[in-house]
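# Descriptive structure summary
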Amino acid sequence: MVTPKAELDMRIAKFQRELAAAGIDGAVLMQNSDLFYYTGTVQNSQLYMPAAGNPVLAVRKSYPRACQESPLTNIASMKSAREFPAIIKSYGFCPGKQIGLELDVLPVNKMFELQRLWPGCQFVDVSPIIKKLRMIKSDYEVKHIRETLRVMDIAFREVPVLVQEGMQENELFGLITAALRRAGIVESSRMRAFNQDFLLGTVSCGSSAACSSGVDGSVGGAGLNPAYPAGPSYKPILRNEVIYVDLTPVGNGYTGDQTRIYCIGELSPKMVKAYQDALLINEQLLKLLKPGVLAEDAYYLGVKLAAEMGYQDNFLGYRDDQVRFIGHGVGLDCDELPVFAPGVKTPMQTGMTFALEPKLVFPEGAIGTESTYVMTDSGPEC
């Protein structure tokens, strides 16, 4: 599906206003989700975004596909990155004194390459501007996130049919992935954070959900091997254990993030109560969050409620592996703003899309809830 030109024009205009206000002459964007956000295509390319005028997309491969997918006016073929300055100049642009880069994600050698091409320019970080603008979703974006979540719900409803006692976590994960792929969902989630490789989510049964992981989340999963130490493992799914299913699929570029809980047999009274308590915490978070409320307030409320319930060692991870956030923005990336974490004083705004995830982790398993919401004038809508 081609992104409407009016949608891209709106995004470009907002970015250009921010560039002009900051005194930045233009920006060069290379990160895939940023390229898609401003061009509608993800090819091997570089985008020059002037503070005024039509942006220029220079494409190494595939130029025909970029022309087919993107409604931008200025799309040029580029054999080598060395041609980039000349291409920009051919459209009437001079780089100026300050050029913005995505310094939160751009490899250093790419910045050095641009410094050699434009030795007189000063390079500044425009990633805070981009992330701030992408934080507020248009109706068009919310529609695509809703569609992703609609398909995800279908996959969640298939789990009780697919799961069998003794089946490995990885086998169930594969069956869920197949169901999502048949429905047009991509199973590779984008994460902006450095080295946070992430593939769709995890299925973690019983103790494997408490396995330590470098993934920045309450539950990462044991994974299949040390090279990819997260996600589902070879552990068999046993009766009376928590089956924890966390999915972050992508539909037409947009991510949804939800966690649902299953069990073959019956959960222990301890785990049933923990689940009910997690739902109660989530309910209180939703009552708190309104436009103007600070993102950190949700984190502090969740931690306070969990402590009062006796879950100091279990909330958002087990003991030393607890994370310091209770939710995060979702969109083209799975880790967008706002982050519901201490020190994040971002006020909630209409149009934010985010996941809330109050979860409890014990040695015998993880349990809780996660759903995706859009902030409306009156509060979060699931």
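One can find the structure itself at the top, above this paragraph.
### A closer look at the nonpolar core
Across soluble globular proteins, you tend to see nonpolar side chains buried next to one another. Counting residues in each nonpolar core, the largest one holds 48 residues, and the members touching the most others are Phe15, Tyr38, Val126, Leu172, Ile176 and Ile243. Considering each element in turn, this core owes the most residues, 8 residues, to helix H7 (residues 139–162). Contact partners of Leu172, with chain neighbours within four places excluded, come to Val159, Leu162, Val163, Met167, Val203, Ile237 and Ile243. Ala209, Ala306, Met352 and Leu360 belong to the second largest nonpolar core, which has 37 residues in total.

### Concerning the pairing of strand E4 (residues 74–77)
Pairing geometry for strand E3 (residues 56–61) and E4, over 4 bridges, is parallel. Its bridge partner being in E4, Leu57 is matched across the sheet by Ile75. Running through helix H3 (residues 63–69), the crossover from E3 to the neighbouring parallel element E4 is right-handed.

### Side note on the packing of aromatic side chains
Throughout the structure, instances matching the rule amount to 9 aromatic pairs. Both rings, one in Phe15 and one in Tyr38, keep their centres 5.1 Å apart while their planes meet at 25°; by these two values the pair is stacked. With Phe15 in helix H1 (residues 5–21) and Tyr38 in helix H2 (residues 32–39), the pair connects residues that are 23 residues apart, well separated along the chain. Taking the relative accessible area as the measure of exposure, Phe15 reaches 0% and is therefore buried. Aromatic rings pair up to connect Tyr48, Phe84, Phe93 and Trp118 into one cluster.

### Here's the deal with the sheet that holds strand E13 (residues 336–339)
Strand order across the open sheet formed by 5 strands is E13-E12-E14-E17-E18, with antiparallel pairing between neighbours. Across the chains shown, the open sheet's two edge strands, defined by having one partner strand only, are E13 and strand E18 (379–381). Within the sheet, the average angular offset between the axes of one strand and its neighbour, ignoring direction, is 35°. Of the strand pairs in this sheet, strand E17 (residues 371–376) and E18 are connected by 3 bridges, and their pairing is antiparallel. Along E18, the bridge assignment pairs Thr376 with Gly379. On top of the sheet, H7 reaches strand E14 (353–356), E17 and E18; it is set at about 155° to E17, its chief contact. Along the sheet, helix H9 (residues 269–288) contacts E14, E17 and E18; its crossing angle with E14, the most-contacted strand, is approximately 150°.

### Some points on the sheet that holds strand E11 (residues 258–262)
Ordered in space as E7-E8-E11, the 3 strands form an open sheet in which the pairing is antiparallel. In this open sheet, the two strands that pair with only one neighbour each are strand E7 (201–205) and E11. The mean angle between the axes of side-by-side strands here comes to 10°, regardless of whether they run parallel or antiparallel. In terms of strand pairing, strand E8 (residues 243–247) meets E11 through 5 bridges, oriented antiparallel. Of the residues in E11, the one forming a bridge with Leu247 is Gln258. In the packing of H7 onto the sheet, contacts are made with E8 and E11, and the angle to E11 comes to roughly 15°. Packing against the sheet, helix H8 (residues 169–182) makes contact with E7 and E8, and its axis sits at approximately 145° to E7.

### Concerning the packing of H1 against helix H6 (residues 127–135)
H6 packs onto H1 with a crossing angle of 145° between their chain directions and a minimal axis gap of 11 Å. When the axes of H1 and H6 are compared, the crossing they make is right-handed. Counting all contacts with H1, which are made through Lys14, Phe15 and Glu18, the residues of H6 involved are Ile129, Ile130, Lys132 and Leu133. For the contact of H1 with H6, the per-class residue count stands at 4 nonpolar, no polar and 3 charged.

### Brief notes about the packing of H2 against H6
In contact at an axis separation of 12 Å, H2 and H6 are set at 60° when each is read in the N-to-C sense. If you check the angle between H2 and H6, you find them oblique. When you trace H2 past H6, the crossing you get is left-handed. Only Ile130, Leu133 and Arg134 of H6 make contact with H2, whose side of the interface consists of Ser33, Asp34, Tyr37 and Tyr38. Within the contact of H2 with H6, the residues separate by chemical class into 4 nonpolar, 1 polar and 2 charged.

What counts as what
Each chain carries its own residue numbering, running from 1 in the written order of its sequence. This being a predicted model, a pLDDT of at least 70 is required before a residue's local features are given, and a value of 80 or more before pairs of side-chain atoms are given or counted; all residues contribute to the totals for chains, interfaces and linings. Hydrogen atoms and water are omitted, and side-chain values are computed over all heavy atoms in the structure. Only buried residues count toward a nonpolar core, which is a set of Ala, Val, Leu, Ile, Met, Phe, Trp, Tyr and Cys residues joined through side-chain atoms within 4.5 Å. The cut-offs for exposure are 20% and 50% of the maximum accessible area for each residue type, with area from a 1.4 Å probe on protein chains only; residues under the lower value are buried, those over the upper are exposed, and the others partly exposed. Elements are defined by DSSP. Helices are runs of H or I of four residues or more, strands are runs of E of two residues or more, and each kind is numbered from the N terminus. It only takes one pair of heavy atoms within 4.5 Å for two residues to be counted as in contact. A strand pair is defined by DSSP finding two or more bridges across the two strands. Orienting the strands away from the viewer, one traces the path from the first strand over the helix to the second; a clockwise path indicates a right-handed crossover. Planes of paired rings set the category: under 30 degrees apart is stacked, over 60 is edge-to-face and the rest tilted, where pairs are Phe, Tyr or Trp rings (Trp by its six-membered ring) whose centres lie within 6.5 Å. Lines fitted to C-alpha atoms define the axes, with helix axes restricted to the stretch in contact, and inter-axis angles between N-to-C directions lie between 0 and 180 degrees. When the near helix sits turned anticlockwise from the far one by under a right angle, the crossing is termed left-handed; a clockwise turn instead gives a right-handed crossing. Ten residue types, Ala, Val, Leu, Ile, Met, Phe, Trp, Tyr, Cys and Pro, are classed as nonpolar, four, Asp, Glu, Lys and Arg, as charged, and the remainder, Gly among them, as polar. Here the angle decides the label: under 35 degrees means roughly parallel, over 145 means roughly antiparallel, 65 to 115 means roughly perpendicular, and every other value means oblique.

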